[in-house]
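Structural description and commentary
Here is how the chains run, residue by residue.
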Amino acid sequence: MQLDLNLLAALDALLEEGSVTGAAERLHVTAPAMSRSLGRIRRTTGDQILVRTGRTMTPTPYAIAVREQVHELLQQVQGVLAPSRELDLTTLERTFTLRWHDSLVALSGPALLESVRQQAPGVRLRFIAESSIDTPELRRGEVDLEANANRPTAPDVRADRVAEIHHVIVVRRGHPLTPAKAVTAEQYAAAEHLTVSRRGKLSNALDDALARLGLTRRVVATVPTEGAAFAFVRGSDLLVTVPESTARSAAAVLGLTLLPLPFELPSAPVYLSWHQRYDTDPAHIWLRDLARTALAPSRP
């Protein structure tokens, strides 16, 4: 059976108005058109729905019995086909999964969580670690928001450039380089280095910048997080080059010293990414706006 949902709206109007003319005016159609709809409803249901009693029309027992159900069904259909875009944060209950670079979680995660808790106490955030390989969770809907330095290439993934990151050298207090008024590129290259890479990469954009100066550095180890790198640096003469925003917050607590890079290194972008299925989702739009604000302090 092929059902026309327009008949559901016509039936609801007929039962509410109790007349063909009234139903036609309510749905902004002509009386003949509503009469034809009533005829189709009668053929579909096998019931007269409205019968004439004098100058008025009276609903049949079947029509009376289904009146509330018809009205509820029509509201449900309208809710599916034309969902409300109003968002009540006080009653919103939802869990969002965020896959952010660990430095961004440490720097901006607390501010985001505080804003969420103030506005929507029923919302929970799941910060999960980045994978060492490219994974499709964002496209599968298993991750709501990503934040890292990678601009997605998939056409169905949206991305906003929300911040810029500048890098500094991090060493322990009393490191041999600290007495110098300014570290030279040669001194930087001659030191022993750590890299931070969740994929275990021993080289990065720093090596390209040094190569342009005719220099190379020695990387003795790579670690997956900046927190781990700070632990290594704190007890050795190793140095690590990381985003200034996260390094500055850790330096005071861990007794570390920050030194400026002695050569030009382009700033690293921060992209906030999501799948296009969430473009018009009010709750997701709200979270994206809060995330942009939380990530903004990482700008220079």
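In this report, we go over the structure that sits alongside the text. Quick caveat, the model's predicted, so the values are computed rather than measured.

When helices and strands are tallied, the protein chain shows 11 helices and 12 strands. The C-alpha radius of gyration of the protein chain comes to 32 Å, more than 25% above the 19 Å expected for a compact globule of 300 residues. In terms of overall dimensions, the protein chain has C-alpha extents of about 105 × 35 × 25 Å along its principal axes. Evaluated residue by residue, the protein chain yields a buried proportion of 40% over its 300 residues. Look at the contacts in the protein chain between residues 6 or more apart in sequence, and 74% of them connect residues 24 or more apart. Surface summary for the protein chain: the accessible area is close to 16,800 Å², and the carbon and sulfur share equals 52%. Across the protein chain, the mean location of the 34 positive side-chain charges is 2 Å away from that of the 33 negative side-chain charges.

By size, the foremost hydrophobic cluster in this structure holds 27 residues, and its most contacted members are Trp100, Leu112 and Trp286. Contributions of two or more residues to this core are made by β3 (94-100), α5 (102-119), β4 (123-128), β5 (145-148), β6 (157-165), β12 (268-275) and α11 (282-295). For this core, the element with the most residues is α11, which contributes 7 residues. Core analysis: the second largest hydrophobic core is formed by 20 residues, Leu7, Leu15, Ala23 and Ala63 among them.

To continue, consider the side chain of Asp12. Relative to the helices and strands, Asp12 resides in helix α1 (residues 5-17). Excluding residues within four positions of it along the chain, Asp12 makes contact with Arg26, Val70, His71 and Leu74.

A few words now on the pattern of salt bridges. Under the defined criterion, the tally for this structure stands at 15 salt bridges. The partner of Asp281 in a salt bridge is Arg94, and the shortest N-O contact between them spans 2.6 Å. Placement of Asp281 in the loop between β12 and α11 and of Arg94 in strand β3 is noted, with a sequence separation of 187 residues between them. Residue classification places Arg94 among the partly exposed positions, given a relative accessible area of 23%. Between Asp160 and Arg292 there is a salt bridge, with its nearest N and O atoms 2.6 Å apart. Pair noted here: Asp160 is in strand β6 and Arg292 is in helix α11, with a separation of 132 residues, a long-range link. Take Asp160: its relative accessible area is 25%, and that puts it in the partly exposed class.

For the rest of this paragraph, the subject is α1. If you check α1, its first and last C-alpha atoms are 19 Å apart, about what 13 residues at 1.5 Å a residue would give, namely 18 Å. Burial in α1 covers these residues: Leu7, Leu8, Ala10, Leu11, Asp12, Ala13, Leu14 and Leu15. Looking at the packing, one finds that the buried side of α1 touches α2 (20-27), α3 (31-45), β1 (50-53) and α4 (61-81). Of the residues one or two after α1, Gly18 is the one with positive phi, at around 75°.

Mapped onto the secondary structure, Asp4 falls in the segment before α1. Given a relative accessible area of 27%, Asp4 falls into the partly exposed group. For the pair Asp4 and Arg172, spaced 168 residues apart in the sequence, the C-alpha separation amounts to 74 Å.

The next point concerns the packing of aromatic side chains. Using the criterion set out here, one finds 2 aromatic pairs in the structure. Summarising the aromatic geometry, the rings of Trp100 and Phe127 are spaced 5.5 Å apart at their centres and angled 80° between planes, so their arrangement reads as edge-to-face. Residue Trp100 is found in strand β3, and its partner Phe127 is found in strand β4; the two are separated by 27 residues along the sequence. Residue Trp100 is classed as buried on the basis of its relative accessible area, which comes to 1%. The interplanar angle of 70° and the centroid separation of 5.3 Å between the aromatic rings of Tyr188 and Phe263 together place this pair among those described as edge-to-face. One end of the pair, Tyr188, is in helix α7 (residues 185-190); the other, Phe263, is in the loop between β11 (256-259) and β12, with 75 residues separating them in the sequence. Relative accessible area serves as the criterion here: at 12%, Phe263 is assigned to the buried category.

Criteria and cut-off values
- Residues numbered from 1 in each chain as written.
- Predicted model: local features only at pLDDT ≥ 70, side-chain atom pairs only at ≥ 80, totals over all residues.
- Heavy atoms only, no water.
- Helix = DSSP H or I, 4+ residues; strand = E, 2+ residues; numbered from the N terminus.
- Rg over C-alpha atoms; globule rule 2.2 N^0.38 Å.
- Buried < 20%, exposed > 50% of the residue type's maximum accessible area, 1.4 Å probe, protein only.
- Contact = heavy atoms within 4.5 Å.
- Areas by Shrake-Rupley, 256 points an atom, 1.4 Å probe, with all protein chains shown as cover.
- Lys, Arg positive; Asp, Glu negative; His and termini not counted.
- Charge placed at Lys NZ, Arg CZ, Asp CG, Glu CD.
- Core = buried A, V, L, I, M, F, W, Y, C linked by side-chain atoms within 4.5 Å.
- Salt bridge = Lys/Arg side-chain N within 4 Å of Asp/Glu carboxyl O.
- Expected span 1.5 Å × (residues − 1).
- Phe/Tyr/Trp six-rings, centres within 6.5 Å; stacked < 30°, edge-to-face > 60°.

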